[in-house]
Structures are given as structure tokens and as C-alpha cells.
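In case you want the letters, here they are:
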Amino acid sequence: QVQLQLSAGGVVQAGDSLSLPCPASTRSFTRYAVAWFRHSPANERQFVGTIHTSGSINVADCVKGRFTICRDNGIKTAYLKMNNLKPEDTAVYYCAARDAILTAPYYTRVDDYGSWGEGTQVTVSS
């Protein structure tokens, strides 16, 4: 089990950039895949992207080209890096993690994950 925290949200203007950190409290962070989901009135829990244990990433088509993910195993933190934010990106963002072997596929479903952060509100104004 891993404990996750998501912070550094807030209100930004369209076109701005924002990075959401997801620090993990675990001795075995390198074994975990990390993902982000978002909840808005239009979507119950939408997949945003994930980073595998290898560092490879899979980003949803709706944010491809604007969002990316990186991880710093030294400080046990993964980051959702959001660029060119749009009002439709407004949502509560959640990070999640699960133990994963190197050869596992990308996990993109809510029920793939057992550890969740508390979520943070990101509001993009026009």
C-alpha cells in the first residue's frame, strides 16, 4: 500500500501551465505505476494519463500534446505537467498508484488502482 497526496491546484487562466505533484509514502516507489484521473460535471472519472515503472507514459487523446507525466524516483514523486490549459480542463484531479511489473500493460481504469490521493481542484478561467 502507498499513501498519496495531491496538491498545488488552484485557479489559473486559459493558456497557463501547471504541474501537479503526487508524492508517495512508500519504500518501493519504483515498483508503482502512477496515474491521474479527473472528475468534472461532464465526466464521472476521466482517465488523464499514466506513467509506468519504466518511465514510459500513456496520455489520453483529449489532452495529448498538452499534458505529460514525469517521475522522480529520488524524491518518490510523480508530476502531471499541464500546458496550454483550457476551461474544459476544469476538474478535480486525482492521482492514483498501483504495484506493477515492468511487462504489465498501461493501467487506465479506475478499478485498476487501489491507492488514491485526496484530489485537488483545478479551475481554468477564460
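Before any of the text, the structure's been laid out above.
About the thresholds
- Residues numbered from 1 in each chain as written.
- Predicted model: local features only at pLDDT ≥ 70, side-chain atom pairs only at ≥ 80, totals over all residues.
- Heavy atoms only, no water.
- Core = buried A, V, L, I, M, F, W, Y, C linked by side-chain atoms within 4.5 Å.
- Buried < 20%, exposed > 50% of the residue type's maximum accessible area, 1.4 Å probe, protein only.
- Helix = DSSP H or I, 4+ residues; strand = E, 2+ residues; numbered from the N terminus.
- Disulfide = S-S within 2.5 Å.
- Phe/Tyr/Trp six-rings, centres within 6.5 Å; stacked < 30°, edge-to-face > 60°.
- Lys NZ or Arg CZ within 6 Å of the ring centre and 35° of its normal.

Colleague: What exactly am I supposed to notice about the nonpolar core here?
Modeller: A general tendency of soluble globular proteins is for nonpolar side chains to be buried together. Counting residues in hydrophobic clusters, the biggest one holds 35 residues, and the most contacted among them are Leu-20, Val-34, Trp-36, Phe-67, Leu-80, Met-82 and Tyr-93. Every element with two or more residues in this core is listed here: strand 3 (18-25), strand 4 (32-40), strand 5 (43-51), strand 7 (67-72), strand 8 (77-82), strand 9 (91-99) and strand 11 (120-125). Per-element tally for this core: the top contributor is strand 4, with six residues.

Colleague: In this structure, what is going on with the state of the cysteines? I would like to understand it.
Modeller: By definition, a disulfide is the covalent link that joins the sulfur atoms of two cysteine residues. Throughout the structure, instances matching the rule amount to one disulfide. Between the sulfur of Cys-22 and that of Cys-95 lies a disulfide, 2.1 Å long from S to S. Linking Cys-22 and Cys-95, the disulfide has an S-S dihedral of approximately 70° and is accordingly described as right-handed. Note that Cys-22 is positioned in strand 3 and Cys-95 in strand 9, a separation of 73 residues in sequence. An identical accessibility class is assigned to Cys-22 and Cys-95; each is buried. Between Cys-62, a cysteine without a disulfide, and Cys-95, which holds the nearest cysteine sulfur, the sulfur-to-sulfur distance is 18 Å. The partly exposed category is assigned to Cys-62, whose relative accessible area is 39%.

Colleague: Would you explain the packing of aromatic side chains in this entry?
Modeller: Aromatic rings considered in pairs are described by the distance between their centres and by the relative angle of their planes. Tallied over the full model, the rule gives four aromatic pairs. Between Phe-37 and Phe-47, the ring centres sit 5.7 Å apart and the planes meet at 65°, which makes this aromatic pair edge-to-face. One end of the pair, Phe-37, is in strand 4; the other, Phe-47, is in strand 5, and ten residues separate them in sequence. Classification of Phe-47 as buried rests on a relative accessible area of 15%. Considering the side-chain rings of Tyr-113 and Trp-116, the 6.4 Å spacing of their centres and the 75° angle between planes classify their relative orientation as edge-to-face. The exposure class of Tyr-113 is buried, given its relative accessible area of 7%. Accessibility expressed as a relative area gives 25% for Trp-116, which makes it partly exposed. Geometry around Phe-29 places Arg-71 over its ring, the cationic atom sitting 4.5 Å from the centre. The lysine or arginine in question, Arg-98, covers the ring of Tyr-107, its NZ or CZ lying 3.8 Å from the ring centre.

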